[in-house]
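If you want the building blocks of each chain, they are given just below.
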Protein chains: 2
Amino acid sequence: MSWWRDLPAHEPFGLATLPYAVADLPGGPRVVSRIADHAVDLTALARESGRVSGAKPADTNAEGANAEGANARGTNARGTNAGFPGASWDHPSLVPFLDQGPTAWADARAWLQQILSSAHHDESVARSLIPLSSLSLRLPFEVADYVDFYASEHHATNVGRIFRPGSDPLTPNWKHLPIGYHGRSGTIVVSGTDIVRPCGQRKGPADPTPVFGPSIRLDIECELGFVVGGGSRLGEPVPLGATWDHIFGVVLLNDWSARDIQAWEYVPLGPFLGKSFATTISAWVVPMAALEAAHVALPGQDPAPLPYLAGDAAYGLDIDCQVEWNGSVVSRPRYREMYWSPAQMLAHLSVNGASIRSGDLFGSGTISGPEKETRGCFLELTWSGAEPVTLDDGSTRTFLEDGDTIVLRATAPGPDGHVIGLGDCGGRILPAVPAC
Amino acid sequence: MSWWRDLPAHEPFGLATLPYAVADLPGGPRVVSRIADHAVDLTALARESGRVSGAKPADTNAEGANAEGANARGTNARGTNAGFPGASWDHPSLVPFLDQGPTAWADARAWLQQILSSAHHDESVARSLIPLSSLSLRLPFEVADYVDFYASEHHATNVGRIFRPGSDPLTPNWKHLPIGYHGRSGTIVVSGTDIVRPCGQRKGPADPTPVFGPSIRLDIECELGFVVGGGSRLGEPVPLGATWDHIFGVVLLNDWSARDIQAWEYVPLGPFLGKSFATTISAWVVPMAALEAAHVALPGQDPAPLPYLAGDAAYGLDIDCQVEWNGSVVSRPRYREMYWSPAQMLAHLSVNGASIRSGDLFGSGTISGPEKETRGCFLELTWSGAEPVTLDDGSTRTFLEDGDTIVLRATAPGPDGHVIGLGDCGGRILPAVPAC
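This is a predicted model, so every value here is computed, not measured.

Calculation criteria
- Residues numbered from 1 in each chain as written.
- Chains lettered and ligands numbered in written order.
- Predicted model: local features only at pLDDT ≥ 70, side-chain atom pairs only at ≥ 80, totals over all residues.
- Heavy atoms only, no water.
- Contact = heavy atoms within 4.5 Å.
- Buried area = accessible area lost by both parts, 1.4 Å probe.
- Salt bridge = Lys/Arg side-chain N within 4 Å of Asp/Glu carboxyl O.
- Polar contact = N/O pair within 3.5 Å; in protein donor to acceptor, adjacent residues only side chain to side chain.
- Helix = DSSP H or I, 4+ residues; strand = E, 2+ residues; numbered from the N terminus.
- Nonpolar A, V, L, I, M, F, W, Y, C, P; charged D, E, K, R; others polar.
- Pairing = 2+ DSSP bridges.
- Least-squares fit on C-alpha atoms with pLDDT ≥ 70 in both.
- Disulfide = S-S within 2.5 Å.
- Buried < 20%, exposed > 50% of the residue type's maximum accessible area, 1.4 Å probe, protein only.
- Domains from an automatic or database assignment.
- Axes fitted to C-alpha atoms, helices over the stretch in contact; angles between N-to-C directions.

### Regarding the interface of chain B and chain A
Counting from both sides, the interface comprises 54 residues of chain B and, opposite them, 54 residues of chain A. Carbon and sulfur atoms make up 65% of the surface buried where chain B meets chain A, a total of about 5200 Å² over both sides. When residues of chain B are sorted by the area they lose upon contact with chain A, R184(B), L269(B) and F272(B) head the list and together hold 16% of the total. Viewed at the interface, chain A and chain B are joined by two salt bridges. Note that D360(A) and R184(B) form a salt bridge whose closest N and O atoms lie 2.9 Å from each other. Taken together, chain B and chain A are joined by 22 residue pairs in polar contact (both at pLDDT 80 or more). When contributions to the side of chain B that touches chain A are tallied by element, the ones reaching two or more residues are strand 6 (146-149), strand 7 (180-183), strand 10 (199-202), helix 6 (259-265), helix 7 (273-276) and helix 8 (342-350) of chain B. The leading source of residues in the side of chain B that touches chain A is strand 7 of chain B, at four residues. Split by residue class, the side of chain B that touches chain A holds 32 nonpolar, 16 polar and six charged.

Spelled out as structure tokens, the structure:
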């Protein structure tokens, strides 16, 4: 009955991964982990193992956690329940767990790995497992502020060539700072949510005035999203060396983009309706602790970044992504080729004193490499529609058609030859509303 | 003892205004209203008048209200407690009240005006009054998504001339859609909060590479902020005619802006760190119901807007603002000169299917008129620093110095010659952090 200790190294959700999600379970939605195709009811497992009492625990983390410096609460000595995050799992959101900070996150992971690895707890573990096929997963946390970066040099160069022909493809600031902007938190949805084709204004070169209607250039952006835990005080930057204490984990993120709406609206204040209709994230958040074997050097930064962006924390991640369009793999972006590190993005985001909160989410921007088959959006992959892609069924595509389904998937190297899986990030396009 | 019925018409917080805020009161922070220099403890008053029971009411609105179409709950018949929003006031936030929708908002206002106008309740009212001088006010609601628009033609034209000399000052899209972008919700603070001077990258024309340090061109933007109540479903636009059912009220808003950081970063994805360090809003939210006498026609839109932006709901507001710099009035922006209506902003924001939620906030953008003395930011008022302003003490200013205090104030015409006051929006600049 201890099949979870006999999983092959290529299983992406073995004991080296242990991601978190929020599932609808009897008794209410709460935090779960995952082994292969089973969810682990963490609240049940913690109770079975005696780490939290059977009574429903009071929520002591719901308010004020960010303002008070949540990390201080994660430093209780191991071996007592006081610092054990079990109680924070009995919630319909990861935010109370995120509030507890890096020591509690490490404690929780160590406890879970130990329980799953020891025959002593086999019966408890078996009772806490639920087949994923019987579960519905929710948005794993209330997204506080959402920032989307633009950290791939290949992507920014391609988009610059397409959107601003005749200018330098990279703007003068691009290699000095990780460019980013705020997106709409309230329209971030969990993998599997259908996406209604957005309506809006567009104006092509041949249109004398803008026209209104459904987007005809609906695109994706294959990204990673980084989930922030713990807060900072307004006015106090998070230094580069402290950033990873606030980056709890990673999701796959599809920044759905209506290129025609975006092209008409984005000068001078940036993308707005071309992006704000929906952003999809995977239901599973993979903790950064699972990705230690995936740390890699950045491909190189020239000119050297300013001191607040420089330091050992500025590393990259060796994560291989793939983009499936109606089941056909059309691109394989590699995260290790990104120019800016996640640590640099968070240090930059807060260097002006902007405070961060548990539930903040920042996206990497489209992941694109130098080869055509590693471009992470269809604007680039089809070169603005000039070079259609052919799917496995023989049909061709430039931008998304109604009924199309996109799934992003990713894996990374884990310890001892194990594979670390990221959660799938999928969505299907529904037709525009009739009023459009 | 019924002094609140004998207030002069020029009192900005008489019975025609009745704004809402959240105050720290014995028993916990909760929603209050205001008469002159007193807060009204609405929870106490509702209990005294028998409209809610003495027991602390359960919160039935905390979750899922947006997704369920909150407005439906505001339609209970008057005269029963079922639809009376009293229970939603015993919270440290306006969000439960915002969730109840326009019928409940109207019921609450009618009840409060009736109670305050009738001698029958004088003793109850007197017991519910607390001098504002003894109270601390909080951020009145958790800001969900924050969008800032750019709705003044005079402001956009001036900024275009300053930031993009040699180009048309208005971009080609400006008169076809209300340009906007998302800002940082987590750094919106209540009036009276000190603002730490932000640090960041800037690059002047004479700098060969960007330099890092405290902003040396720290500015304000005098705006109105519109507070959204009730939600919409993802994928379903809010039509122009329904927008005012979702605009609960208005605050004064100061969009603090570091012009040097903004100028270097904002191409191509828009303002980010130049804005995200702090945005101040007034503690008092004035309901739109108090501003019915302030409805005015827009100054005129040419070309005619697309159909989704056209209709009777697209009116303006006759609100006079003033900007005080260390106590000297340096500008008097007039809201009635804004090009785009708040209704158009909300219809545009959601036309792509983006959902809205209680607690969403959208700013108008800087309010500027054609005369120099009506410009709502110092970038314009001093023409990028070339024309300093002289304060009453004889000192001169271009941008903000450490220790400077800014207060925004505003009034509007009310019924029968009464004046409607908006809440003050103030903040003081503290020096940058030492690490900067």
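Next comes the rest of the account.
### Considering the sheet that holds strand 5 (residues 137-138) of chain B
Residue and element names in this part refer to chain B. Taking strand neighbours across the sheet as the criterion, the five strands line up as 4-3-2-1-5 in an open arrangement whose pairing is antiparallel. Taken across any chain shown, the strands that pair with only one partner, and hence form the sheet edges, are strand 4 (129-131) and strand 5. The sheet contact formed by strand 1 (residues 21-23) and strand 5 spans two bridges and is antiparallel. Each bridged residue has a counterpart across the sheet, and for A23 the counterpart in strand 5 is L137.

### With respect to the relation of the copies chain B and chain A
Screw-axis analysis of chain B against chain A gives a translation of 0.0 Å along the axis, an RMSD of 0.0 Å, and a rotation angle of 180°. Given the turn and translation reported, the copies of this chain are related as if by a two-fold rotation axis. Closest approach to the rotation axis within chain B is made by the C-alpha atom of G270(B), at a distance of 2.1 Å. Most of the interface of chain B is mirrored in chain A, where 100% of its interface residues again form contacts.

### Describing the state of the cysteines
All names here are of chain A. Applying the stated criterion across every chain, the model contains two disulfides over all chains. Sulfur-sulfur distance for the disulfide between C199 and C436 comes to 1.6 Å. With the S-S bond torsion at -135°, the cross-link from C199 to C436 turns out left-handed. Taken together, the residues C199 in strand 9 (residues 199-202) and C436 in the segment after strand 26 (425-430) connect sequence positions 237 residues apart. On the basis of relative accessibility, which here comes to 3%, the residue C199 falls in the buried class. The partly exposed category is assigned to C436, whose relative accessible area is 24%.

### Details of the pairing of strand 19 (residues 320-325) of chain A
Among the six residues that make up strand 19 of chain A, five are buried, leaving the element largely enclosed by the rest of the structure. In this structure, the hairpin formed by strand 19 of chain A and strand 20 (residues 328-331) of chain A is closed by a connection of two residues, where N326(A) is found at a positive phi of approximately 50°.

### Digging into the domain arrangement of chain A
Residues and elements named next belong to chain A. Splitting chain A by domain gives domain 1 (3-134) and domain 2 (146-430). Where domain 1 abuts domain 2, roughly 2100 Å² becomes buried across the two surfaces, and 67% of that area is made up of carbon and sulfur atoms. Summed over the shared surface of domain 1 and domain 2, the result is zero salt bridges. Our count for the contact surface shared by domain 1 and domain 2 stands at five residue pairs in polar contact (both at pLDDT 80 or more). Elements that contribute at least two residues to the side of domain 1 that touches domain 2 include exactly strand 2 (30-35), helix 2 (95-99) and helix 3 (102-117). In terms of residue count, helix 2 provides more of the side of domain 1 that touches domain 2 than any other element does, four residues in total.

### Things to note about the environment of Y339(A)
Residues and elements named next belong to chain A. Relative to the helices and strands, Y339 is located in the loop between strand 20 and helix 8 (342-350). For Y339, a relative accessible area of 3% gives the class buried. A C-alpha to C-alpha distance of 9.9 Å links Y339 and D302, two positions 37 residues apart in sequence. Not counting the four nearest positions on each side in its chain, Y339 is found in contact with A151, E153, W174, K175, L298, P299, G300, Q301, D302, P303 and Q344.

### Quick word on the sheet that holds strand 4 (residues 129-131) of chain A
Residue and element names in this part refer to chain A. If you walk across this open sheet you meet the four strands as 1-2-3-4, and the pairing is antiparallel. The open sheet has two edge strands with one neighbour each: strand 1 (21-23) and strand 4. Averaged over all pairs of adjacent strands, the angle between strand axes in this sheet comes to 50°, irrespective of strand direction. With three bridges joining them, strand 1 and strand 2 adopt antiparallel strand pairing. Each residue of the ladder has a partner; that of V22, found in strand 2, is V31.

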